[in-house]
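Coordinates in review
What follows is each chain in one-letter form.
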Amino acid sequence: MKSSLVAVTAAVLVATLIAGLKDREALQERFGFAGKPPELMMMGRIKGPDAASGPPVDVQAVAERIEAATQGSSADQGQGPAQTFLAQTGQAGQPAPVPAVPPATAPAAPAGPPPAGEPPAIDESALRYFASRGDTVRLQAEISRLQALYPNWVPPADPLAIPQNGDRQLENMWRLYSEGRYAELRKAIADRQTGESGWQPPADLLDRLDVAESRIRLINASDLKQYATVIDIAAATPSLLTCAEVDVLWRVAEAFVETNRQQRGQDAYTYILKNCTEPAERVATIQKAAALLPYGPMQALLSLERPADANGMREFDSLRDDLARRFVADGNDDAQLEVAPDYVSRVETLAEEKGQPSDALLLGWYQLRRNNAADAEKWFRIAHDRQDSAVASQGLALALIARKSPQEAEDVMYRWRNDSKDATATYLAATANLMALQPPADLGEDVLGRIAATVIEQKYVPTAQQFGWYARSLNQFQTAARWFETGLRWKPDDEPSAYGLAVTRQQLNDRAGVAEIQRLWAGRSARIAALSETAAAARAGAPLPAPGSAAAPSEEVQSRTQQLQPRPLAPPQPVVRARPVEAMQTVAVGRGPRQFRGCTTTTDSARLRPGEALARGWCLMDINRPMEAVAAFEAALASPVRREREDAAYGQSLAYLRAGLSNSAAVAATKAPQNRDRASELQVAILADRALAAFEGRRYRETLIYLDQRAQLQQERVDLMVLRGYSYMNLKMYGDATRVFEAAAATGNRDATRGLADVRSITHPEVND
């Protein structure tokens, strides 16, 4: 019976040894450890200790010797303690991992055979200790280690019957090791070496202690996110990098990824999936990898999934829903990422069957990022109907704006307009697109009122400007003028608002007002300067430039604008009342005939002749669609006529400026030679735009630099003087700020007067008290 136990135990241990050695060989091949000190990164930075490796162990020969040694005495034995031993270690032939303590690291085999007739000295202290404690798991690992080192050694017939170790001090050391009290063990070893001259601890005990301490240091470094230390420890202790220590492998993989060595991290996860068999650990490996690796490497790992079982289930099926959501979310972050249709279809199925709004939102953003506005609207609408949230409303509003339905977008977003900065920006974009519709939308007084209130609260110039054009389309010229004035007060250098105000004052026969605007914008807007010529052309029957059109000399007015086509008189409509600003008196005028502007249809400008593309570009500028105008002007740049190329470059630069892209405007201005006046006008406008952008970004020194550069080209306007004064004040240069504000306030500018008061309240607070 005892011999039978020996035979079965030996067989199990050989299987364990073979699995462990194969495991290590696979790891060495993966990370480049074979036959040399460990180098995890193949970069020469992280290396293990220089140590000569012993001759390789012939595992097959070991197995044959053990089988021969135990075969004769086990044939007639019945079932004994070996069955209980196997039951405790799990499935026969599959030893259970050792909890809390890593497997022993086998030291190098002796360089040569011992002298003839002299048996090798075998240290059985660990064997005795584990047997006395009844620790069958560690006992199994120790027998396996000794069999590998000493092929002729035969394990005791009944390991559990081995007597207590007579060396009490060594017995205590093994107890400290078993309990994980490594610092106390180090002290006990040092104390005994001090007290007993010449005593040396067993090499096996020291090897085990080194590995256990390395494991603790690695885990601590990982918990503290000291990833370089994790890799150093792993490189110096390759015996930790086995399937028995899968947690260590996970931590090493994470360390590689977090130190920007993603491929090495992927290699570690690949090693686990190729060599480790525990189902729960394999599933956990995919979960951990998915939290760190992007879409592409995850597909490579998922390809290592094992075939389906008899029930048709695959080992990663429990993760497939979450993985599909994760990959679609990756597609939301990167519009260029091509997510496999299977993942998208899986999320679609989840959204339809489980009804979670989050799944529909994932699909909505995914489609919106790929300019599939119709599909995006479908999924956002599903999410919105299931749960009306700010995110769902924002996505639906953006999809509706893309589908040219800004009126519904405004209605959807109004409730959530103040939820976040993004929600506010989306609502304001919807209002600007709504007010710019052609023909103008038929809006009720309640809608106009709430849009106006939000625009005033946010001081949003694009919608204020569109309010002006909208009021003009209804023949409410006084209201239009007040909206344009409001936009200029919020953004004094907004040329489209200045042009709209000038055109409206001209229509109201306010010649003095028109002259004042022309004086303020002299040298900055050719189309404002040419208003008198435009009016003369209109009296002669020539077409008028549409709102927002770019500057044009009188001889080119007809080629740059399209004839406004009057609409037949409509029946009387209710009065529209809007409140542009808080203190503004509303002028209510009966709604007259609406007017259409040209170029409202979608056309590929690249297919037009250069002259037609140029006219379309100015027309698109008229209706405040600058980015479409950029494409039209680009097509016009191919014209063989020099004057058309100059106008196209000039128009494209203006379009970029209107879109707030001053750098692109500067590039566009160089695409064709410009005359001195135009070049100066564009340079001045670009510098002013950059100064304002820098001020809004609180980059006050940069603001002053742009203002100084602009002042070298043109005398500084009063509004820019105010900007300069506030820049000085924010930089705590109060003397310069006072000087600038006083000069500007002398012209009667109210903003300068307020700025001067602000400086004095800071520098002389006792006066205000």
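Bear in mind the structure is a predicted one, so any value in this text is a computation, not a measurement. (Residues numbered from 1 in each chain as written. Predicted model: local features only at pLDDT ≥ 70, side-chain atom pairs only at ≥ 80, totals over all residues. Heavy atoms only, no water.)

Time to look at the nonpolar core. Across soluble globular proteins, you tend to see nonpolar side chains buried next to one another. Counting residues in each nonpolar core, the largest one holds 89 residues, and the members touching the most others are Ile286 and Met298. In terms of residue count, the dominant contributor to this core is helix H10 (residues 246-258) (9 residues). For Ile286, the contacting residues outside a window of four places in its chain are Leu273, Met298, Leu301, Leu302, Phe316, Leu319 and Leu323. (Core = buried A, V, L, I, M, F, W, Y, C linked by side-chain atoms within 4.5 Å. Buried < 20%, exposed > 50% of the residue type's maximum accessible area, 1.4 Å probe, protein only. Helix = DSSP H or I, 4+ residues; strand = E, 2+ residues; numbered from the N terminus. Contact = heavy atoms within 4.5 Å.)

Moving on to the packing of aromatic side chains. Applying the stated criterion across every chain yields a total of 13 aromatic pairs. Here Tyr177 and Tyr182 contribute two aromatic rings whose centre-to-centre distance is 6.2 Å and whose plane-to-plane angle is 50 degrees, an arrangement assigned as tilted. The class for Tyr177 is buried, based on a relative accessible area of 0%. The interplanar angle of 65 degrees and the centroid separation of 4.8 Å between the aromatic rings of Phe327 and Tyr343 together place this pair among those described as edge-to-face. One end of the pair, Phe327, is in helix H14 (residues 320-333); the other, Tyr343, is in helix H15 (residues 341-353), and 16 residues separate them in sequence. Tyr343 matches Phe327 in its accessibility class, with the two residues each being buried. (Phe/Tyr/Trp six-rings, centres within 6.5 Å; stacked < 30°, edge-to-face > 60°.)

Taken as a whole and judged by the stated rule, the model has 38 salt bridges. Between Asp317 and Arg320 there is a salt bridge, with its nearest N and O atoms 3.0 Å apart. On the accessibility criterion, Arg320 (13% relative accessible area) is buried. (Salt bridge = Lys/Arg side-chain N within 4 Å of Asp/Glu carboxyl O.)

This brings us to the confidence of the model for the protein chain. Of the residues in the protein chain, 71% have a pLDDT of 70 or more, and the chain-wide mean is 74. When the elements of the protein chain are averaged for pLDDT, strand E1 (residues 565-566) gives the smallest value, 26, and H10 the largest, 94. Contacts from residues 1-30, a stretch scored under 50 in pLDDT, to residues over four places away or in other chains number 62 contacts. Predicted confidence for residues 536-597 stays below pLDDT 50, and this span has 132 contacts to residues more than four positions away or in other chains. (pLDDT = per-residue confidence, 0-100.)

Here we take up the packing of helix H6 (residues 168-178) against helix H7 (residues 182-195). Between H6 and H7, the shortest axis-to-axis distance is 8 Å and the interhelical angle comes to 160 degrees. For the element pair H6 / H7, the angle class is roughly antiparallel. Every pair of crossing elements has a handedness; the one defined by H6 and H7 is left-handed. The residues of H7 that touch H6, namely those facing Gln169, Leu170, Met173, Leu176 and Tyr177, are Tyr182, Glu184, Leu185, Ala188, Ile189 and Arg192. Across the contact of H6 with H7, the residue classes tally to 8 nonpolar, 1 polar and 2 charged. (Axes fitted to C-alpha atoms, helices over the stretch in contact; angles between N-to-C directions. Parallel < 35°, antiparallel > 145°, perpendicular 65-115°, else oblique. Left-handed = near helix turned anticlockwise from the far one by under 90°. Nonpolar A, V, L, I, M, F, W, Y, C, P; charged D, E, K, R; others polar.)

Considering the arrangement of structural elements, one finds Leu361 in helix H16 (residues 357-369). Under the relative-accessibility criterion, Leu361 is labelled buried at 15%. Apart from the residues within four sequence positions on either side, Leu361 is in contact with Phe380, Ala383, Val391 and Ala392.

A word on the state of the cysteines. Under the definition given, this model contains 1 disulfide. Here Cys243 is linked by a disulfide to Cys276, with a sulfur-sulfur distance of 1.9 Å. Classification of the bridge connecting Cys243 and Cys276 rests on its S-S torsion, roughly -90 degrees, and on that basis the disulfide is left-handed. Placement of the pair is Cys243 in the loop between helix H9 (227-236) and H10 and Cys276 in the loop between helix H11 (262-275) and helix H12 (279-290), with a sequence separation of 33 residues. (Disulfide = S-S within 2.5 Å.)

As a further point, take helix H21 (residues 445-458). The end-to-end C-alpha distance of H21, which contains 14 residues, comes to 20 Å, matching closely the 20 Å that a straight helix rising 1.5 Å per residue would cover. Along H21, the residues classified as buried are Val447, Leu448, Ile451, Ala452, Thr454, Val455 and Ile456. Check the buried side of H21 and you find it contacts helix H19 (406-414), helix H20 (421-435), helix H22 (461-473) and helix H23 (477-490). Following H21 by one or two positions, Lys459 adopts a phi angle in the positive range, close to 55 degrees. (Expected span 1.5 Å × (residues − 1).)

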